[in-house]
Amino acid sequence: MSEKPYEAIAEHENILEMAAQWRAEGRQVAIATVVSTWGSSPRPVGSQLVVDGEQSMIGSVSGGCIEGAVVHEAMAAIEDGEPRLLHFGVTDEQAWEVGLACGGEVEVFVEKLD
Amino acid sequence: MNSALLDTLLEAKTAKRPTALVTDLEGGAQALVIDGAEHGELALDDQVRGGIERALRRDKGETVESAGKRLFIQPFAPPKRMILVGAVHIAQSLAPMAKLTGYDVVIVDPRQAFTSRERFPGAALNHDWPDDALTALAPDRRTAVVTLTHDPKLDDPALSVALRSDAFYIGALGSTRTHGRRLERLREAGFGDNDFARIHGPIGLDIGAVSPAEIAISIMGEVTRTLHAPAEDGK
């Protein structure tokens, strides 16, 4: 029997492998990485989210609070090829601003996979 | 990042070589460091190399300042390992849980009937006697050793090797009474209280676990707690 059952189970952890696979399939790909955190952030430094040109994504950089904004920036990075360093702070509920409800802060680096 | 660099990174990761990716957060220039050898367009100084060594040791990414640049170091340390001694029912639940948590799992059991492919699809199986198997596997400080057989002939030799290793977690299944008798035998074999303090027994967090899967959860919880907070765990 092959390694398949165990690999399938851990596949969502193999974010970069998926990025390479998507790129090999000819899809446009951007990689987002949590590079620093302050306070109670939901995902640790090094957590990654991979996005393709169709807004498919795998992995995570938060508990879902900032993924929408990161995907938006990832699409822009795919367009212009420029890397970006994003900063997210505490959510201001009045302003409906994108942020972290948990009160933490994170920096996310977004780069296109050329 | 360019695809060629990513391919090189993934090759090194698959080969389980200590690897770090360094990224200039300003312009996006990158360097890949595999076993200390540097690839890519970004020049590194000793301060960054020190940061790489630290990031790999702690298995934790960090940002460093170097020559006016802010650099992010992402380590790809070889995976953590879990050695399960005893291909028993609990192991059937614990092996996939550990795999899901990011461990390479090896199941050690010389009893062929227990280690069938049907019971452990895709798992690494080792049929050697536990002391030989563990000596060959050489547990290090990123390895957890869990004995599950209840059989002193199999558990004790495994524990003897584990206690002489740097394994960050050593756990032994069995009731308080079983564990007491186990420690008596280990004492006769020359081990002492400092060694015993390293063994989690009875194994697992006290969550009222009953079924094999629940016991596996309690063990996985305890291994995780020990990995992240060794000082607080008191073991």
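Whatever comes next refers back to the structure up there.
Residues numbered from 1 in each chain as written. Chains lettered and ligands numbered in written order. Predicted model: local features only at pLDDT ≥ 70, side-chain atom pairs only at ≥ 80, totals over all residues. Heavy atoms only, no water.

K.L.:
Explain helix 3 (residues 67-80) of chain A here, please?
P.N.:
In an α-helix, one full turn covers 3.6 residues, which means residues spaced three or four apart are oriented alike. Residue and element names in this part refer to chain A. The end-to-end C-alpha distance of helix 3 is 20 Å, a good match for the 20 Å that 14 residues give at a rise of 1.5 Å each. Taken residue by residue, helix 3 has Glu 67, Ala 69, Val 70, Val 71, Ala 74, Ala 77 and Ile 78 as its buried positions. Taken together, the buried residues of helix 3 touch strand 1 (29-38), strand 2 (48-52), strand 3 (57-59), strand 4 (84-88) and strand 5 (105-113). A positive phi of about 75 degrees marks Gly 81, the residue just after helix 3. (Helix = DSSP H or I, 4+ residues; strand = E, 2+ residues; numbered from the N terminus. Expected span 1.5 Å × (residues − 1). Buried < 20%, exposed > 50% of the residue type's maximum accessible area, 1.4 Å probe, protein only. Contact = heavy atoms within 4.5 Å.)

K.L.:
Would you mind going over the nonpolar core with me for this structure?
P.N.:
As a rule of thumb, nonpolar side chains are buried together in soluble globular proteins. Residue and element names in this part refer to chain B. Met 82, Leu 84, Val 146, Ile 219 and Val 223 are the most contacted members of the largest nonpolar core, which has 26 residues in total. Of all the secondary-structure elements, those providing two or more residues to this core are strand 6 (80-85), helix 3 (89-100), strand 7 (103-108), strand 9 (143-147) and helix 8 (212-228). In this structure, Val 223 is in contact with Met 82, Tyr 103, Ala 144, Phe 168 and Tyr 169, ignoring residues within four places of it in sequence. (Core = buried A, V, L, I, M, F, W, Y, C linked by side-chain atoms within 4.5 Å.)

K.L.:
Where do I start with the sheet that holds strand 4 of chain A in this structure?
P.N.:
Whether parallel or antiparallel, the strands of a sheet pair through hydrogen bonds between backbone atoms. All names here are of chain A. Taken in spatial order, the five strands make up an open sheet running 3-2-1-5-4, and their pairing is antiparallel. If you trace the sheet from one side to the other, it starts and ends with strand 3 and strand 4, each paired once. Sheet twist, expressed as the average angle between the axes of neighbouring strands with direction ignored, equals 20 degrees. Helix 3 rests against strand 1, strand 2, strand 3, strand 4 and strand 5 of the sheet, and its axis sits at about 55 degrees to strand 2. (Pairing = 2+ DSSP bridges. Axes fitted to C-alpha atoms, helices over the stretch in contact; angles between N-to-C directions.)

K.L.:
So what exactly am I meant to see when it comes to the interface of chain A and chain B here?
P.N.:
Interface size is commonly expressed as the accessible surface area that is lost when the partners come together. Opposite the 31 residues of chain A that make contact, chain B presents 29 residues. Here chain A meets chain B over a buried area of about 2300 Å², counting both sides, of which 63% is carbon and sulfur. Our count for the contact surface shared by chain A and chain B stands at two salt bridges. Its salt-bridge partner being Lys13(B), residue Glu17(A) comes within 2.9 Å of it at the nearest N-O pair. Seen at the junction of chain A and chain B, the total is nine residue pairs in polar contact (both at pLDDT 80 or more). (Buried area = accessible area lost by both parts, 1.4 Å probe. Salt bridge = Lys/Arg side-chain N within 4 Å of Asp/Glu carboxyl O. Polar contact = N/O pair within 3.5 Å; in protein donor to acceptor, adjacent residues only side chain to side chain.)

K.L.:
Sorry if this is basic, but what is going on with unusual backbone geometry here?
P.N.:
What is expected of a backbone is that most residues other than glycine have negative phi and most peptide bonds are trans. All names here are of chain B. Here Gly 201 and Pro 202 are connected by a cis peptide whose omega angle stands at -5 degrees. Phi at Ala 138 takes a positive value of approximately 45 degrees, unusual for a residue other than glycine. Here Ala 138 is to be found in the loop between helix 4 (130-137) and strand 9. Given the relative accessible area of 45%, Ala 138 is considered partly exposed. Phi at His 150 takes a positive value of approximately 70 degrees, unusual for a residue other than glycine. Take His 150: it is sitting in the loop between strand 9 and helix 5 (152-163).

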